Amino acid sequence: MSSFSLPRNAIPYRSRLGWLPLSLALNLVLIGVVFAWEMRPAPPSRQPIVTWQRELIPSLTPADAAIATEAAGQIADAQAAGDLAVHNEYTTIRGLLAASQLDQSALGQAFDQVAEIRHNQQILIGKAFAGELEMVSPDGRQKILAAMETQSQRWHPTPGR
């Protein structure tokens, strides 16, 4: 016989509160999970140059902030237009690949068009950024340089450091 036994007619003690403590604990855990889900950091932007520039704007003088805001808008527009054009080209490519007979010439032209779109996108972004750097004050340029360094470490840490 074991050292621990229960009388035959005894029911194990359960609080008068029943399932309330367990239910409360589970509800608090679920609320915590939902809260953590909602408060998680946003995914990285698909427009990193625009993101760090917009984060920089409050630290600039009003004149430099206006220049940076205009440039960030031009960069965002160039990125959005280029991304949409590339998306449309990939839709064309999917259509070419779905055909029973592959048109290699059209496929090559579509990939060339994607390369041309990306090239033009980079030219527009570069012009907007260069124009911004030409117009901002020397202090604004130094703040932009510091922000660029921070951003480059955030996205692509230097090997060996």
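Within each chain, residues carry numbers counting from 1 in the order of the written sequence. The predicted nature of this model means local features are confined to residues of pLDDT at least 70 and side-chain atom pairs, given and counted, to a pLDDT of 80 or more, with totals for whole chains, interfaces and linings taken over all residues. The side-chain numbers reported here are obtained from all heavy atoms of the structure, hydrogens and water having been left aside.

Caption draft 1: Geometry of the overall build of the protein. Only DSSP runs of H or I reaching four residues or more are called helices, and only runs of E reaching two or more are called strands; each is numbered from the N terminus. Scanning the protein from terminus to terminus reveals five helices and zero strands. Partly exposed residues are those whose accessible area sits between 20% and 50% of the maximum for their type, while under 20% is buried and over 50% is exposed, using a 1.4 Å probe and protein chains only. Counting over 161 residues, the protein shows a buried share of 24%. All accessible-area figures derive from a Shrake-Rupley calculation using a 1.4 Å probe, and residue coverage is judged against the displayed protein chains alone. Here the protein has roughly 12,300 Å² of accessible surface; of this, 63% comes from carbon and sulfur atoms.

Caption draft 2: Local environment of the pattern of salt bridges. Just to be clear on terms, a salt bridge is a Lys or Arg side-chain nitrogen sitting within 4 Å of an Asp or Glu carboxyl oxygen. Following the criterion strictly, the structure yields two salt bridges and no others. A salt bridge links R118 to D83; its shortest N-O distance comes to 2.7 Å. Of the two residues, R118 sits in helix 4 (residues 104-135) while D83 sits in helix 3 (residues 62-98), which places them 35 residues apart along the sequence.

Caption draft 3: Inspection of a nonpolar patch on the surface at higher detail. Together, W19, L22 and L26 make up a nonpolar patch on the protein surface, roughly 360 Å² of accessible area in all. With respect to the helices and strands, the residue L26 is situated in helix 1 (residues 20-39). Within this analysis, patches are made of residues with over 30% relative accessible area and no salt bridge. Like charges are joined at 9 Å or less; nonpolar side chains (Val, Leu, Ile, Met, Phe, Trp, Tyr) at 5 Å or less.

Caption draft 4: Structural context of the nonpolar core. Nonpolar cores were defined as sets of buried Ala, Val, Leu, Ile, Met, Phe, Trp, Tyr and Cys residues, with membership established by side-chain atoms within 4.5 Å. I49, V50, W52, L56, I75, F129 and I144 are the most contacted members of the largest nonpolar core, which has 19 residues in total. Secondary-structure elements contributing two or more residues to this core are helix 2 (48-56), helix 3, helix 4 and helix 5 (138-155). In terms of residue count, the dominant contributor to this core is helix 3 (seven residues). Formed by eight residues, the second largest nonpolar core is a distinct cluster that contains I93, L96, A106 and L107.

Caption draft 5: Focus on the confidence of the model for the protein. For the protein, mean pLDDT is 83; residues scoring 70 or higher make up 80% of the total. Scored from 0 to 100, pLDDT records how confident the predictor is in each individual residue. Looking over the protein, one finds the lowest element-wise mean pLDDT in helix 2, namely 81, and the highest in helix 4, namely 93.

Caption draft 6: Seen up close, the packing of helix 3 against helix 4. Structural elements are reduced to axes, namely lines fitted to C-alpha atoms, with helices fitted over the stretch in contact, and the angle between N-to-C directions of any two is expressed from 0 to 180 degrees. Remark: helix 3 packs on helix 4, axes separated minimally by 9 Å, with the N-to-C direction vectors making an angle of 175 degrees. When the interaxial angle is binned, helix 3 and helix 4 end up roughly antiparallel. All residues other than Ala, Val, Leu, Ile, Met, Phe, Trp, Tyr, Cys, Pro, Asp, Glu, Lys and Arg, Gly among them, are scored as polar; the first ten of these are nonpolar and the last four charged. Partitioned by chemical class, the residues of the contact of helix 3 with helix 4 number 22 nonpolar, five polar and four charged. Angle categories are assigned with fixed cut-offs, so that under 35 degrees is roughly parallel, over 145 is roughly antiparallel, 65 to 115 is roughly perpendicular, and the rest are oblique.

Caption draft 7: Fine view of the side chain of Q121. For Q121, the position within the fold is in helix 4. Relative accessible area serves as the criterion here: at 5%, Q121 is assigned to the buried category. Distance and chemistry together define a polar contact, namely a pair of N or O atoms within 3.5 Å, with one atom able to donate a hydrogen and the other to accept it when in protein, and with adjacent residues in sequence counting only for side-chain atoms on both sides. Of the polar contacts made by the side chain of Q121, one reaches the side chain of D83; its length is 3.5 Å. Beyond its immediate sequence surroundings of up to four residues, Q121 is in contact with A78, Q79, G82 and D83. Any pair of residues with heavy atoms lying within 4.5 Å of one another is described as a contacting pair.

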